[in-house]
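Take a look at the letters that make up each chain.
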Amino acid sequence: MKKLSILLLVIASLAINANAQLQNPYLSCEDSCAHVHGIDLSHYQGEVFWQTIGENTNMAYVYLKATEGGDNVDPRYERNIDLAHRHGLKVGTYHFFRPKTPLSLQLKNFKTQCLAAEQDLIPMLDVETTGGLSQQAFCDSLASFLQMLEQTYHQKPLVYTFRNFYNKHLKGLLDDYQLMVAMYADEPPVLDDRRDYTLWQYTSKGRIMGISGHVDKSRLMGRHTLRELRFRR
């Protein structure tokens, strides 16, 4: 009888939690777990209410898109980085890599936005496409650009990519770099080479107060800490 009562209490508790989530779509993993969570966003999220994010969420960091290719600048980057800082988030900046675009143009574009004095976290390179290049040409382009970023900012950048893209194109090439791996599932991804990674982007449809639509969410993995991503001036 006692066991039955305990079971009924557990079921009731689960039902209450499920009902709370249905009533509040903003109630998420980060509200109840011990992991360190963050977001990444760009102009696609539209107007962001940073004060609301700072006061009402458990987000510890944000990666903001600054640039893409040789001449694309995110129109909301400057406002986003200013307000994110004001409201207490640790901020990093990322560039969407276009392998066929001249690397010097991409670096110049990124440098005009990603100013060292404004960074809390190491720069991030978003790698999602080969640009139609052969595997060797793509790898050469990526390796060269990573070296250029390291020479510019005096530290290795973080690399963002999807699990399947990593397994097909990047396996064995980024052993010296920290990774943010994207895979939208209930369990963390396992890379084909079983290597460790620092961050897992676990959803592209996250909800938080302060952003009207969906947002990418990520969290630190294992024993990794935010300190490992700290921008060294």
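Treat the numbers as computed from the prediction; the structure is a model and nothing was measured. (Residues numbered from 1 in each chain as written. Predicted model: local features only at pLDDT ≥ 70, side-chain atom pairs only at ≥ 80, totals over all residues. Heavy atoms only, no water.)

A closer look at the overall build of the chain
Along the backbone of the chain there are 6 helices and 9 strands. For the chain, the residues scored as buried account for 46% of the 233 residues in total. Accessible surface, the chain as shown: approximately 12,300 Å² in total, 52% of it carbon and sulfur. (Helix = DSSP H or I, 4+ residues; strand = E, 2+ residues; numbered from the N terminus. Buried < 20%, exposed > 50% of the residue type's maximum accessible area, 1.4 Å probe, protein only. Areas by Shrake-Rupley, 256 points an atom, 1.4 Å probe, with all protein chains shown as cover.)

Describing the nonpolar core
Nonpolar side chains tend toward joint burial in soluble globular proteins. Core analysis: the largest hydrophobic core is formed by 47 residues, its most contacted members being Leu41, Trp50 and Val62. Ranked by residue count, the leading element in this core is helix α5 (residues 135-153), at 7 residues. When sequence neighbours within four positions are dropped, the list of residues in contact with Leu41 reads Val48, Trp50, Val62, Tyr63, Leu64, Lys65, Asn80, Tyr94, Ile211 and Val215. Counting 14 residues, the second largest nonpolar core, distinct from the first, contains Tyr160, Leu199, Leu220 and Leu229. (Core = buried A, V, L, I, M, F, W, Y, C linked by side-chain atoms within 4.5 Å. Contact = heavy atoms within 4.5 Å.)

Observations regarding the layout of surface pockets
Taken as a whole, the second largest pocket encloses approximately 260 Å³ of empty space. Lining of the second largest pocket is provided by 20 residues; of these, Ser42, Tyr44, Tyr94, Asp126 and Asp216 occupy positions nearest its centre. At the level of elements, β1 (37-41), β2 (59-68), β4 (90-96), β5 (124-126), β6 (158-162), β8 (199-206) and β9 (215-220) are the ones that each hand at least two residues to the lining of the second largest pocket. Tallied by class, residues from the lining of the second largest pocket come to 9 nonpolar, 5 polar and 6 charged. (1 Å grid on protein atoms, 1.4 Å probe; cavity = no way out; pocket = protein on both sides within 12 Å on 5 of 7 lines; lining within 4 Å. Points joined across faces, edges and corners; volume = space filled by probe spheres on them. Nonpolar A, V, L, I, M, F, W, Y, C, P; charged D, E, K, R; others polar.)

Some remarks on the packing of aromatic side chains
Between two aromatic rings, the relevant description is the distance of the centres plus the angle of the planes. Following the criterion strictly, the structure yields 7 aromatic pairs and no others. Considering the side-chain rings of Phe162 and Tyr184, the 5.9 Å spacing of their centres and the 85° angle between planes classify their relative orientation as edge-to-face. Within this pair, whereas Phe162 is found in strand β6, its partner Tyr184 is found in the loop between β7 (179-182) and β8, the two being separated by 22 residues in sequence. When its relative accessible area of 26% is taken as the criterion, Phe162 is described as partly exposed. Among the residues examined, Tyr184 registers a relative accessible area of 39% and is labelled partly exposed. Grouped by ring-pair contacts, the aromatic residues Phe110, Tyr153 and Phe231 constitute a single cluster. (Phe/Tyr/Trp six-rings, centres within 6.5 Å; stacked < 30°, edge-to-face > 60°.)

A closer look at the confidence of the model for the chain
In the predicted model, the chain carries a mean pLDDT of 88, and 86% of its residues have values of at least 70. Low pLDDT (under 50) marks residues 2-27, which in the prediction has 8 contacts with non-local residues, meaning those over four places away or in another chain. (pLDDT = per-residue confidence, 0-100.)

So, the side chain of Asp216
Within the secondary structure, Asp216 is located in strand β9. Buried charge without a salt bridge: Asp216, with Lys205 as the nearest opposite-charge side chain at an N-O distance of 10 Å. When near neighbours in sequence (up to four residues on either side) are disregarded, Asp216 contacts Gly38, Ile39, Asp40, Tyr184, Gln201, Thr203 and Ser204. (Lys, Arg positive; Asp, Glu negative; His and termini not counted. Salt bridge = Lys/Arg side-chain N within 4 Å of Asp/Glu carboxyl O.)

Some details on the packing of α5 against helix α6 (residues 163-170)
Here α5 crosses α6 at 105°, and the two axes come no closer than 11 Å. Taken together, α5 and α6 sit at an angle that is classed as roughly perpendicular. Listed contacts from α6 to Gln135, Phe138, Cys139 and Leu142 of α5 are Phe165, Lys168, His169 and Leu170. Partitioned by chemical class, the residues of the contact of α5 with α6 number 5 nonpolar, 2 polar and 1 charged. (Axes fitted to C-alpha atoms, helices over the stretch in contact; angles between N-to-C directions. Parallel < 35°, antiparallel > 145°, perpendicular 65-115°, else oblique.)

Quick look at helix α4 (residues 103-113)
Along α4, the residues classified as buried are Leu103, Gln106, Leu107, Asn109, Phe110 and Gln113. Seen along its axis, α4 keeps its buried residues to an arc of 160°; they face one direction. Within α4, the exposed residues directed more than 90 degrees away from the buried face are Ser104 and Lys108. Check the buried side of α4 and you find it contacts β2, β3 (72-73), α3 (77-86), β4 and α5. (Arc of directions from axis to C-beta.)

A short note on the pairing of β6
Every other side chain in a regular strand lies on the same face of the sheet, so the side chains alternate between the two faces. Of all 5 residues that make up β6, 4 are buried, and the element is covered over most of its length. Bridge count for β5 against β6 is 3 bridges, and the pairing is parallel. Paired with Asp126 across the bridge in β6 is Tyr160. Viewed along the sheet, the connection from β5 through α5 into β6 turns out right-handed. Where β6 and β7 come together, 4 bridges link them in parallel fashion. Its bridge partner lying in β7, Thr161 is registered against Val181. For the crossover that starts at β6, traverses α6 and ends in the parallel β7, the hand is right-handed. (Pairing = 2+ DSSP bridges. Right-handed = clockwise from strand over helix to strand, strands pointing away.)

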